Amino acid sequence: YLNKAIIIGNLTRDPELKSLPSGVRVTTFGLATNRVWKDKTGAKQEDTQFHNIVVFGTQAEIVAQYLKKGQSAMVEGRIQNRSWDAPDGTKKYRSEIVADRVQFGPKSASSADRAGGGGSSFDKTTLTDKSKTPAPEEIKTIQYPSEDEVNPDDIPF
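Source: prediction; values computed, not measured.

**Points about the nonpolar core**
And then number 1: In terms of nonpolar packing, the biggest core is built from 15 residues, with Phe29, Leu31, Ile53, Val55, Val75 and Val102 touching the most fellow members.
And then number 2: Only β1 (5–11), β3 (25–38), β4 (44–56), α1 (58–66), β5 (72–85) and β6 (91–104) provide two or more residues apiece to this core.
And then number 3: When neighbours within four sequence positions are excluded, phenylalanine 29 is seen to be in contact with Leu11, Arg13, Pro15, His51, Asn52, Ile53, Val55, Val63 and Val75.

Okay, here's the thing in structure tokens:
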């Protein structure tokens, strides 16, 4: 069986960093994806989907620090559905992508200038930011919490 999602889009809001009671850091943000096609009459159609993204651990801190609303990102992870009882007694549902990997997209010239940096050498064919790729010995493994360590009821959103 396979539960895998790979999406590329733009952030709809700034990432929000929180901590679980266990101390595990968690970041949430929204990502919008667009689909454009022509219908039977040849008229251009467009559909926008909004995705809820959840990132845990060290990667959560990095995402919260460097990504901002409007920037593009690629998210790779699994789809998860949650439900809970709201204070008003209704049942609430939420679908989200729990990210295994978040890759930053190219920065626009205006955001690079504001940050004091130059342009990015983002390669769209491989989706890597070559200017920020660390040497192989610098790569650290991200330790994700096991499903036993993360209780969905502890997530504060």
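**Focus: the packing of aromatic side chains**
And then number 1: Across all of its chains, the model carries 1 aromatic pair by this definition.
And then number 2: Each ring, one from tyrosine 66 and one from phenylalanine 104, has its centre 6.4 Å from the other, and the planes form 45°; the classification is tilted. Taken together, the positions of tyrosine 66 in helix α1 and phenylalanine 104 in strand β6 put the pair 38 residues apart, joining distant regions of the chain.
And then number 3: Above the face of the tryptophan 37 ring, arginine 35 is positioned so that its terminal group lies 4.0 Å from the ring centre.

**Description of α1**
And then number 1: Within the sequence span of α1, burial applies to Gln59, Ala60, Val63 and Ala64. The buried residues of α1 occupy one face: seen down the axis, they fall within an arc of 135°.
And then number 2: Buried-residue contacts for α1 involve β2 (16–19), β3, β4 and β6.

Definitions and cut-offs
Residues numbered from 1 in each chain as written. Predicted model: local features only at pLDDT ≥ 70, side-chain atom pairs only at ≥ 80, totals over all residues. Heavy atoms only, no water. Core = buried A, V, L, I, M, F, W, Y, C linked by side-chain atoms within 4.5 Å. Buried < 20%, exposed > 50% of the residue type's maximum accessible area, 1.4 Å probe, protein only. Helix = DSSP H or I, 4+ residues; strand = E, 2+ residues; numbered from the N terminus. Contact = heavy atoms within 4.5 Å. Phe/Tyr/Trp six-rings, centres within 6.5 Å; stacked < 30°, edge-to-face > 60°. Lys NZ or Arg CZ within 6 Å of the ring centre and 35° of its normal. Arc of directions from axis to C-beta.

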